[in-house]
Amino acid sequence: MEDFAGKNEIAIDLSRYEEISHSFFEKLSGEKILTFNIYDQNENIIFHAGKSITKEEIAEKSKQGIRFFIPRISEKVGNYDYEIFSQDRIKSLAENTAATYANVRQTGTMTYEQYLNTHRDMVELLSNLKSEDRYGGVLSLLKDISNFDYYTYVHSVNVGLLAMVYQYKTSYNADRIRTMSIAGYLHDIGKLRIPKEIVDKPGPLSKEEMKIMLEHTREGYRILADVEKYSPQKKISDLIKYGALFHHRKFVIYGYPNRKERDGASREFYFKLPEEVRILGICDMYDALTTTTPWRQGNEPRTALRYILNTSNYYFSVSDVHLFLKALSLSLNRGRDFLEEGNFVMIESGGRIVGKDQRTPISYEFARIIEIFRGRPLTPRVEVFYDATLNRKKSRIQIDLRSDNFRKIVRVIESPRMNAMLRKLYMEKN
Amino acid sequence: MAFVILNEVREHDVALHRSLDSFNERCEIFRDEREFLQRLGGGNVRAVIVVIYSESLDGLLVIEKVRKIHGMEQIPVVAISVIKHPLPFIDAYERGADEYFTFPLNEQEFAQKMRKALKM
Ligand SMILES: [Fe+2]
Ligand SMILES: [Fe+2]
């Protein structure tokens with residue numbers, strides 16, 4: 001009897017584990033190193049983290065009737081008392097970076113050896129990630145920028161770290177994590193070809209200066225492409241090059257649907273970019289929002305996270321913002337939820353695919369957060385009370401967003417005036 | 001994007017205008033964001049109108065910048081836009097606008113809301 005159990009039955013707790021599809025699993029095989037244990041339906045580890053797996057092994061296990069499971073990330077709220085990376089380690093990485101970058105600025109090009117240096121430093125950090133970091137750990141970025149020069153290095157390191165930890169928490173193979181962290185690390189490399197006076201200028205740039213500054217995306221792509229040109233046998237992942245080229249692409253959904261595409265503000269273009277590049281834009285913004293520089297006071301993580309949520313559908317798509325916040329908000333906010341009970345939020349719903357190129361219409365409603373499920377700030381229980389599309393009250397209804405895939409929080413109301421208005425509406429009898 | 005600074009407010013401003021030029025000599029019109037923001041520090045500002053032509057919401061970010069300028073915290077700020085959508089509406093309010101209008105407008109409604117926003 002006991003032997004038989006588990007052949008078809010699933011004994012593993014599905015609220016804690018999720019099954020991975022065969023095709024996804026196959027993508028993990030080959031040279032790649034698993035960063036994660038893979039379990040069978042009886043919660044036995046069948047592939048250990050740190051090992052690589054072959055297609056044959058997968059096929060053989062499947063034949064035995066084994067199904068493959070990995071722990072659900074969002075279900076687990078970990079321990080947020082410890083730092084994922086020590087500040088000393090990050091500081092030393094920033095200093096190494098400073099040395100390499102100084103060289104690149106002087107020559108205007110990057111050698112393959114220099115590229116490998118950055119690569120090596122990132123991989124070194126990556127090897128320090130522990131499997132428990134997937135569930136917890138505080139990610140503190142470097143925050144004290146003592147001088148202008150230092151800013152670009154620190155920013156590069158910070159975005160690299162954000163990208164690394166994002167990918168570590170959401171994907172299962174070391175290759176992708178490595179590539180995305182390097183993409184983050186090198187995203188602003190093109191700034192080394194922009195005149196120093198402009199890059200380090202305190203305060204706002206003029207229109208002309210801004211135009212020159214924005215060239216750093218194209219210059220970054222060129223620097224990386226040149227590395228390949230001078231060492232033809234070497235290949236730099238497209239993702240790293242695209243990260244440099246497209247990290248300032250914006251989304252912008254509202255406006256006229258048929259309006260001619262505008263450079264930098266096209267939804268179609270945005271979605272053609274790889275997910276990693278789109279998330280990189282959010283990591284970039286998060287670091288910019290939270291860094292204190294000699295000319296600007298940085299925001300607290302909570303403020304920055306709420307700000308990022310409030311750029312959904314404008315700078316970034318709702319789904320990307322949610323991906324980022326789901327993976328990183330707890331680590332960045334020292335384990336605390338960045339939304340709270342009592343907050344007023346705006347919810348977007350619809351957009352469900354109902355046929356070829358057909359979606360249900362998008363609508364908006366106001367709601368109040370009733371209960372936050374610890375560690376899942378984006379899927380609380382809410383009370384919907386106002387239809388923002390039709391501009392009228394609707395009968396109140398409580399919804400558990402954990403089981404409503406079509407409602408997504410797109411704004412949290414911050415201004416005292418809007419909050420007062422909504423409180424009044426909420427209190428009024430139907 | 002265009003920015004209008006009203007030096008004083010009269011009944012005339014409440015009416016719906018066909019073009020920006022209908023605002024008279026008591027106002028200053030800017031096309032450049034930087035020039036406009038610099039001017040705000042100079043005083044004699046009774047109200048601000050931000051006109052947003054494109055789908056870009058950079059205009060709403062300007063409102064945020066206006067509010068951060070010393071002395072501009074309480075000044076009436078009105079955003080006029082072509083985008084009819086609940087999100088920019090909320091974003092405008094959140095960033096400190098007193099009113100957000102979208103075209104096409106009903107003349108009476110416009111006057112009524114303007115009067116309220118400009119505290120007349
Ligand atoms: Fe950049
Ligand atoms: Fe950047």
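Keep in mind that what you see is a predicted model, and the values were worked out from it rather than measured.

## Regarding the pattern of salt bridges
Where side chains of opposite charge bring their charged atoms close, a pairing between them can arise.
Item 1. Counted by the stated rule, this structure contains 35 salt bridges over all chains.
Item 2. For A:Asp404, the salt bridge identified is with A:Arg407, shortest N-O distance 2.9 Å.
Item 3. What makes A:Arg407 partly exposed here is its relative accessible area of 21%.
Item 4. The shortest N-O distance in the salt bridge between B:Arg67 and B:Asp98 comes to 3.0 Å. Taken together, the residues B:Arg67 in helix H3 (residues 58–68) and B:Asp98 in the loop between helix H4 (86–94) and strand E5 (99–102) connect sequence positions 31 residues apart. The pair formed by B:Arg67 and B:Asp98 is uniform in burial state, with each residue classed as buried.
Item 5. Here the salt bridges share partners, and the residues they tie into one network are A:Arg193, A:Glu219, A:Arg222, A:Asp226 and A:Lys229.

## So, the coordination of the iron ion (ligand 1)
Residues and elements named next belong to chain A.
Item 1. For the iron ion (ligand 1), the protein coordination sphere consists of Asp188 (OD), His216 (NE2), His247 (NE2) and His248 (NE2), at 2.1 to 2.2 Å.
Item 2. The site at the iron ion (ligand 1) holds four donor atoms, and with the angles between them running 83 to 171 degrees, its shape is irregular.
Item 3. Going along the chain, you hit the donors of the iron ion (ligand 1) in the pattern D-x27-H-x30-H-H.
Item 4. A distance of 3.4 Å spans the gap from the iron ion (ligand 1) to the iron ion (ligand 2), which aspartate 188 bridges by coordinating each metal. Residue aspartate 188 is located in the loop between helix H6 (174–185) and helix H7 (196–199), and its partner histidine 216 is located in helix H9 (residues 216–230); the two are separated by 28 residues in the primary sequence.
Item 5. Assessed through its relative accessible area of 2%, aspartate 188 is described here as buried.

## Let's talk about the nonpolar core
The tendency in soluble globular proteins is for nonpolar side chains to be buried side by side.
Item 1. A:Phe85, A:Leu186 and A:Phe324 are the most contacted members of the largest nonpolar core, which has 83 residues in total.
Item 2. With residues near it in sequence (within four places) discarded, A:Phe85 still touches A:Ile90, A:Leu125, A:Leu129, A:Leu139, A:Leu161, A:Met164 and A:Val165.
Item 3. Listed in part, the 39 residues of the second largest apolar core include A:Leu422, B:Val45, B:Ile63 and B:Tyr93.

## Topic: the interface of chain A and chain B
Item 1. Each partner contributes residues to the interface: chain A has 28 residues there, and chain B has 24 residues.
Item 2. When chain A packs against chain B, close to 2,200 Å² is buried across both sides, 56% of that on carbon and sulfur atoms.
Item 3. The tally of links from chain A across to chain B stands at two salt bridges.
Item 4. A salt bridge links B:Asp32 to A:Lys207; the shortest N-O distance between them is 3.4 Å.
Item 5. For the side of chain A that touches chain B, the secondary-structure elements that each account for two or more residues are strand E8 (363–371), strand E11 (407–412) and helix H15 (416–427) of chain A.
Item 6. Partitioned by chemical class, the residues of the side of chain A that touches chain B number 16 nonpolar, six polar and six charged.

## Notes on the packing of helix H12 (residues 275–290) of chain A against helix H13 (residues 301–309) of chain A
All names here are of chain A.
Item 1. Following both chains from N to C, one finds H12 and H13 inclined at 140 degrees, their axes separated by 9 Å at the closest point. The pairing of H12 with H13 is recorded here as oblique in orientation. Along this stretch, H12 crosses H13, giving a crossing that reads as right-handed. Taken together, the residues of H13 that come into contact with H12 (itself represented by Ile282, Met285, Tyr286, Leu289 and Thr290) are Pro301, Ala304, Leu305, Tyr307 and Ile308.
Item 2. Split into classes, the residues belonging to the contact of H12 with H13 amount to nine nonpolar, one polar and no charged.

## Side note on the sheet that holds strand E2 (residues 27–30) of chain B
Residue and element names in this part refer to chain B.
Item 1. Strand order in the open sheet made by the five strands is E2-E1-E3-E4-E5, with mixed pairing throughout. Each having just a single partner strand, E2 and E5 make up the two edges of the open sheet. Between one strand axis and the next, the sheet turns by 15 degrees as a mean value, whatever way the strands run.
Item 2. Across four bridges, the pairing between strand E4 (residues 77–81) and E5 is parallel. In the strand pairing of E5, isoleucine 80 is matched with phenylalanine 101.
Item 3. Lying over the sheet, helix H2 (residues 33–40) contacts strand E1 (2–6), E2 and strand E3 (47–52), oriented at roughly 20 degrees with respect to E1.

## A word on the confidence of the model for chain B
Item 1. Of all residues in chain B, 82% have pLDDT values of 70 or greater, and the mean over the chain is 79.
Item 2. Per-element confidence in chain B ranges from a low mean pLDDT of 62 for helix H1 (residues 11–14) of chain B to a high of 88 for H4(B).

## A word on the coordination of the iron ion (ligand 2)
All names here are of chain A.
Item 1. Only His155 (NE2), His187 (NE2), Asp188 (OD) and Asp284 (OD) from the protein reach the iron ion (ligand 2) as donors, at distances of 2.2 to 2.3 Å.
Item 2. For the iron ion (ligand 2), the four donor atoms in the first shell make angles of 75 to 165 degrees at the metal, a pattern classed as irregular.
Item 3. All donors of the iron ion (ligand 2) come from a single chain, and their spacing in sequence reads H-x31-H-D-x95-D.
Item 4. When its relative accessible area of 9% is taken as the criterion, aspartate 284 is described as buried.

## Side note on the sheet that holds strand E10 (residues 392–400) of chain A
Item 1. Ordered by their spatial adjacency, five strands build an open sheet running E10-E9-E8-E5-E11 (chain A), and the pairing between neighbours is antiparallel. Where the open sheet ends on each side, the last strands, each with one partner, are E10 and E11 of chain A. Strand-to-strand twist of the sheet, defined as the mean angle between neighbouring strand axes without regard to direction, takes the value 35 degrees.
Item 2. Relative to E8(A), strand E5 (residues 344–349) of chain A is paired through six bridges, and the arrangement is antiparallel. In the sheet register, A:Glu348 faces E8(A), and the bridge partner there is A:Tyr364.
Item 3. Seen against the sheet, H4(B) touches E5, E8 and E11 of chain A and runs at an angle of roughly 25 degrees to E11(A).

## A closer look at H2(B)
All names here are of chain B.
Item 1. Within H2 the residues assigned to the buried category are Phe36, Leu37, Arg39 and Leu40. Along the axis of H2, the buried residues cluster in a sector spanning 160 degrees; they form a single face.
Item 2. In this structure, the buried side of H2 is in contact with E1, E2, E3 and H3.
Item 3. Among the residues of H2, the N-terminal cap falls to aspartate 32, whose side-chain oxygen and the backbone nitrogen of arginine 34 are separated by 3.3 Å.

Parameters at a glance
Residues numbered from 1 in each chain as written. Chains lettered and ligands numbered in written order. Predicted model: local features only at pLDDT ≥ 70, side-chain atom pairs only at ≥ 80, totals over all residues. Heavy atoms only, no water. Salt bridge = Lys/Arg side-chain N within 4 Å of Asp/Glu carboxyl O. Buried < 20%, exposed > 50% of the residue type's maximum accessible area, 1.4 Å probe, protein only. Helix = DSSP H or I, 4+ residues; strand = E, 2+ residues; numbered from the N terminus. Donors = N, O, S within 2.8 Å, 3.2 Å for Na, K, Ca; no water. Tetrahedral: all angles 85-135°; square planar, octahedral: opposite > 155°, others 65-115°. Core = buried A, V, L, I, M, F, W, Y, C linked by side-chain atoms within 4.5 Å. Contact = heavy atoms within 4.5 Å. Buried area = accessible area lost by both parts, 1.4 Å probe. Nonpolar A, V, L, I, M, F, W, Y, C, P; charged D, E, K, R; others polar. Axes fitted to C-alpha atoms, helices over the stretch in contact; angles between N-to-C directions. Parallel < 35°, antiparallel > 145°, perpendicular 65-115°, else oblique. Left-handed = near helix turned anticlockwise from the far one by under 90°. Pairing = 2+ DSSP bridges. pLDDT = per-residue confidence, 0-100. Arc of directions from axis to C-beta. Polar contact = N/O pair within 3.5 Å; in protein donor to acceptor, adjacent residues only side chain to side chain.

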